[in-house]
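Each chain, written out:
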Amino acid sequence: MKRFLISIVLLLGSAIMTFSQVLDRDRSKYAVNNFAEDDKYTMLQPYETVSVKEPKGRKVKNIIFMIGDGMGLEQISAAWVCNGGKLNLDNFTNVGIQRTYSANKLVTDSAAAGTALATGHKTDNGMISMTPDTVAVKSLAEEAMEKGKRTGAAVTCRVNDATPAVFFSHSASRKNQEDIVEQMAGSGVYFLSGGGTKFWRDREDGKDISEDVKARGYSYVETKEDLMAVENGPVIALMDTYELKPSLDRGDILPASVTKALELLDNRKGFFLMIEGSMIDDGGHDNKAGHTMEEIFDFDRTLGIVLEWAAKDGQTLVIVTADHATGGMTLLGGSIDEKRIRVNYSTTGHNGIALPVFAWGPHSEDFVGIYENTELSDRIRALIR
């Protein structure tokens, strides 16, 4: 009897300790109250998707390049289940596959993958639009500017992070954050939104790049409300110190920013716009299914806005892909009707699996097939005219 009572006391003590640990955890809203089960997620507020008709014309005036950072087919599949078996991505009928390895690693980072997508050149991990021997190579955005087009980027990370940086700067290391900002400020970019005020106004070198861009004729703003009030470009909108907040906290900043970008970039000669769902990657690194899903939903809602705009325009090519997948996610179970998933993660890092490429609009059939990430860039470059 005494031994039995001791066992009961020990079990109760263990249960109390476990409960205490659960209470002490950061109760992320992304885990839908499964505070110790970040491998599960149930979507509580599914959204309606759009249905658009692809234009029949052949002219490509505008190019919108959407990159889901860390968004592999496994993340897309899980998001599709959570939204009840539908995504705006379902509008795409022309789909290809791109390989992602870098010049020095089988598993790429965002800098090398972004460089391949932006320039058509493989490089070493960590490098920004330079070859491994540090030769700067021209990006799609720079090509577009040379052709007289406006260019822009709307992201949820700091604007000088790897993916946006590769389109508007060149560096031997993605860590050269302040130098990258100076290059971006002088690049001629017409629209830039995201986070990162720390690297523009509170720099180690004492410079205030926000004042520099104002002197060049930019509207420089730091809130979504001020961005929405801007009537003419060029504009730089930095709405947080580093990265923007997670999607459920930041609200509709990305879709609102993209709506404003489309308004300001539209012109007779056309434009090139890169949109990144930057924080899908964060959810993968943290092995939090809910965080990953909510970031994809934000990205996919933004895609719906892009597709409706492009359908009306009739001369806009939309490309959606990723730089790499993150987390080694496997979809193990769930329910489409109940909008829930159960997943497993094999890593907190990136993986080397090939990625889908979705193309919509004029010349979208050019992107069907299996190819290198560099060739994806080359196929886009061929349509910048």
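Structure's up top.
Being a predicted model, the structure only gives us computed values, none of them experimental. Residue numbers restart at each chain and count upward from 1, following the sequence in its written direction. Local features in a predicted model are, by the rule used here, given only for residues with pLDDT of at least 70; side-chain atom pairs are given and counted only at 80 or more, and totals for whole chains, interfaces and linings are based on all residues. To obtain the side-chain values, all non-hydrogen atoms of the structure were included, while hydrogens and water were left out.

**Here's the deal with the nonpolar core**
Piece 1. Ranked by size, the top nonpolar core spans 57 residues in total, and within it F92, M293, V318, V320 and I341 carry the most contacts.
Piece 2. Numbering of helices and strands runs from the N terminus; a helix is a DSSP stretch of H or I covering at least four residues, while a strand is a stretch of E covering at least two. Of the residues forming this core, the biggest block, nine residues, is contributed by helix α13 (residues 289-313).
Piece 3. Note on contacts: a residue pair qualifies if any of its non-hydrogen atoms lie within 4.5 Å across the two residues. Apart from the residues lying within four places of it in its own chain, the contact partners of M293 are Y41, Q75, A78, A79, C82, M329 and I341. Side-chain atoms within 4.5 Å are what join buried Ala, Val, Leu, Ile, Met, Phe, Trp, Tyr and Cys residues into a set we call a nonpolar core. Relative accessibility under 20% of the residue-type maximum defines a buried residue, over 50% an exposed one, and the middle range a partly exposed one, all with a 1.4 Å probe and only protein chains included.

**Observations concerning the pairing of strand β4 (residues 150-158)**
Piece 1. By the criterion of burial, β4 is predominantly enclosed, with eight of the nine residues buried.
Piece 2. At least two bridges found by DSSP between two strands are what make those strands a pair. Bridge count between β4 and strand β5 (residues 191-195): four bridges; the pairing is parallel. Each bridged residue has a counterpart across the sheet, and for A154 the counterpart in β5 is S193.

**Focus: the sheet that holds strand β12 (residues 340-344)**
Piece 1. Read across the sheet, three strands follow the order β1-β12-β11 without closing on themselves; strand pairing throughout is antiparallel. Each edge of the open sheet carries a strand with a single partner, namely β1 (40-42) and β11 (330-335). Going from strand to strand, the sheet's axes swing by 20° on average, the running direction of each strand aside.
Piece 2. The pairing of β1 with β12 spans three bridges and is classified as antiparallel. What counts as an axis is a line fitted to C-alpha atoms, over the stretch in contact for a helix, and the angles between N-to-C directions run from 0 to 180 degrees.

**Thoughts on helix α6 (residues 177-185)**
Piece 1. Residues of α6 that are buried include every one of Q177, E178, I180, V181, M184 and A185, and no others. Considered in projection along α6, the buried side chains sweep an arc of 160° and stay on one side of the axis.
Piece 2. Where α6 is buried, its residues touch β4, α5 (162-168), β5, α7 (198-201) and α8 (209-215). By arc we mean the arc of the directions from the helix axis to the C-beta atoms, nothing more.

**Quick notes on the sheet that holds β4**
Piece 1. As summarised here, the arrangement of the ten strands in space is β6-β7-β5-β4-β8-β2-β9-β14-β3-β15, forming an open sheet in which the pairing is mixed. The open sheet is flanked by β6 (219-221) and β15 (369-372), the only strands paired with a single partner. Averaged over all adjacent pairs, the angle separating strand axes in this sheet is 15°, with direction ignored.
Piece 2. The pairing of strand β9 (residues 316-321) with strand β14 (residues 355-360) spans three bridges and is classified as antiparallel.

**A closer look at unusual backbone geometry**
Piece 1. Residue P234 is bonded to the preceding G233 through a cis peptide linkage, with omega at 0°.
Piece 2. Structurally, the position occupied by P234 is in the loop between α9 (224-229) and β7 (235-238).
Piece 3. Its identity as a non-glycine residue notwithstanding, S129 has a phi of 50°, on the positive side.
Piece 4. Residue placement: S129 occurs in the loop between α3 (110-119) and α4 (140-146).
Piece 5. According to the relative accessible area criterion, S129 is buried, its value standing at 0%.
Piece 6. The residue K339 is not glycine, and still its phi comes out positive at about 55°.
Piece 7. With respect to the helices and strands, K339 occurs in the loop between β11 and β12.
Piece 8. Relative accessible area serves as the criterion here: at 24%, K339 is assigned to the partly exposed category.

**A few points about the packing of helix α11 (residues 253-265) against α13**
Piece 1. It is the contact of α11 with α13, at a shortest axis distance of 9 Å, that shows an interaxial angle of 25°. By the angle class used here, α11 and α13 are roughly parallel. Between α11 and α13 the crossing geometry is right-handed. Taken together, the residues of α13 that come into contact with α11 (itself represented by L254, P255, V258, T259 and L262) are D298, T302, I305, V306 and W309. Small angles under 35 degrees read as roughly parallel and large ones over 145 as roughly antiparallel, with 65 to 115 read as roughly perpendicular and the rest as oblique. Two helices crossing with the near one rotated counterclockwise from the far one by less than a right angle form a left-handed crossing, whereas a clockwise rotation gives a right-handed crossing.

Interpretation note: all reported values are geometric properties and have no functional meaning in isolation.
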